[in-house]
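# Structural overview for review
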Amino acid sequence: QVQLVESGGGLVQAGDSLRLSCVGSGPTFGHGVMAWFRQAPGKEREFVATISRSSTNLDYADSVKGRFTISRENTERTLNLQMYSLKPEDTAIYYCAATRSSFIGTTSRLPSDYLYWGQGTQVTVSS
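Definitions and cut-offs
Residue numbers run consecutively from 1 along every chain, following the written order of its sequence. Where totals are concerned, whole chains, interfaces and linings use all residues; where local detail is concerned, this predicted model gives features only for residues with pLDDT of at least 70, and gives and counts side-chain atom pairs only at 80 or more. Hydrogens are left out, water is left out, and the side-chain values use all remaining heavy atoms of the structure. What counts as a disulfide here is a pair of cysteine sulfur atoms lying within 2.5 Å. Helix and strand definitions follow DSSP, with helices as H or I runs of at least four residues and strands as E runs of at least two, each counted in order from the N terminus. For our purposes a nonpolar core is just a set of buried Ala, Val, Leu, Ile, Met, Phe, Trp, Tyr and Cys residues, chained together by side-chain atoms within 4.5 Å. For every residue, the accessible area (1.4 Å probe, protein chains only) is compared with the maximum for its type, and the residue is labelled buried under 20%, exposed over 50%, or partly exposed between those bounds. In this analysis, two residues are considered to be in contact whenever any of their non-hydrogen atoms come within 4.5 Å of each other. We call two N or O atoms a polar contact when they sit within 3.5 Å, provided that within protein one can donate a hydrogen and the other can accept it, with sequence-adjacent residues counted only if both atoms are side-chain atoms.

### A look at the state of the cysteines
According to the stated counting rule, one finds one disulfide in the structure shown. Disulfide pairing places Cys 22 opposite Cys 96 at an S-S distance of 2.0 Å. Between Cys 22 and Cys 96 the disulfide shows an S-S torsion of about 45°. By sign, it is right-handed. Here Cys 22 is found in strand β3 (residues 18-25), whereas its partner Cys 96 is found in strand β9 (residues 92-98), with 74 residues between them in sequence.

### Topic: the nonpolar core
Among the nonpolar cores identified, the biggest contains 35 residues, and Leu 4, Trp 36, Leu 81, Met 83 and Tyr 94 are the most heavily contacted of them. If you list the elements that add at least two residues to this core, you get β3, β4 (34-39), β5 (46-51), β7 (68-73), β8 (78-83), β9 and β11 (121-126). Counting residues per element, this core draws most heavily on β9, at five residues. Those residues in contact with Tyr 94 that sit more than four places away from it in its chain are Glu 6, Leu 20, Trp 36, Phe 37, Arg 38, Val 48, Phe 68, Leu 81, Met 83, Gly 120, Thr 121 and Val 123.

### A closer look at the environment of Arg 72
Here Arg 72 is to be found in strand β7. A relative accessible area of 7% means that Arg 72 is categorised as buried. Contact partners of Arg 72, with chain neighbours within four places excluded, come to Gly 30, His 31, Gly 32, Val 33, Met 34, Ile 51, Ser 52, Arg 53, Ser 55, Thr 78 and Leu 79. A distance of 2.8 Å separates polar atoms of two side chains, one belonging to Arg 72 and the other to Asn 74.

Structure (structure tokens):
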């Protein structure tokens, strides 16, 4: 029902900034909780940040807190991740995700709570 497409990834140097976007489609977009996850080669998928339906509640992984900001614009069908002070360990494929519209929780760090996923965008941070 919800289709998600990420963009904005690229190759940057440590300390640089990058903004990722996720554009959604479908009649239920904006009714679910959304989040960003990332996955590095040979590693399991890792939670990055999550945001509630009306952007009132935000939650971040400790590794990115203070450097990354998640936001959403429901009328524009867009989820964003603004990344500052990027580090080599931030290198990964970044995925946006959305829960079903009837999801009870406000935010979620659990991949299993998310029904819809984008195909990912590569972020590479050099030393």
